[in-house]
Amino acid sequence: MRVEIKGLNSNEVYCCKKSDIKAVFGDTDINVYFGVLNIRRDERSNSVFYRPDKKCKDRIIAQFIVHKRYINRIGTESEPRLKFFILEKSYYTEELHLKFVTEVLPELRRFYEIHKDDDPIINHGEFSLTIGLKDDNFNFYETLEGKT
């Protein structure tokens, strides 16, 4: 497991901590990115760019892309990747953090276990699970190649 973390300003937070991820995914080959890989500090821009469909009005807080072997545009392989977005600290409470760790992280691990050995060529691409937050509820959007 490889982890990259972008530093936060005092008014920012991630939905979970590196230690939370290590406890759930420490034995896997995933790459974890906190605030890196084309993630902006502007929460609204991220939510629009990474939303699974145009009807989704959630704040996008995480995205997990799982595949056995993904050949990107330049012909290299990349591992499954879990991205966490920068959030405003003013609304993301400790209660939401605990709920994310106890409810969402186990679901992300389940998603990984289901799809980690899938062949993207046979299954027509990559599987992703986008996590949105709306009205203090976490919503899961599962897609295959961007189609729900």
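As a reminder, the structure under discussion sits directly above these lines.
Residues numbered from 1 in each chain as written. Predicted model: local features only at pLDDT ≥ 70, side-chain atom pairs only at ≥ 80, totals over all residues. Heavy atoms only, no water.

## Here's the deal with the pattern of salt bridges
Just so we agree on the cut-off: In the sections that follow, a salt bridge refers to a side-chain nitrogen of Lys or Arg positioned within 4 Å of a carboxyl oxygen of Asp or Glu. Partly exposed describes any residue whose relative accessible area lies between the buried limit of under 20% and the exposed limit of over 50%, with all areas from a 1.4 Å probe on protein chains only and scaled to the type maximum.
Counted by the stated rule, this structure contains four salt bridges. Residues R2 and E4 are paired through a salt bridge, measuring 2.6 Å at the closest nitrogen-oxygen approach. You can call E4 partly exposed: its relative accessible area is 32%. Through salt bridges with shared partners, a single ionic network connects D27, R109 and E113.

## Some words on unusual backbone geometry
What counts here: Each helix is a run of DSSP H or I of at least 4 residues and each strand a run of E of at least 2, with the numbering of both proceeding from the N terminus.
You will see that D135, though not glycine, has its phi angle at about 55 degrees, which is positive. Along the chain, D135 falls in the loop between strand 9 (127-134) and strand 10 (137-144). Positioned with a positive phi, D136 is a non-glycine residue whose angle comes to about 60 degrees. Inspection of the secondary structure assignment puts D136 in the loop between strand 9 and strand 10.

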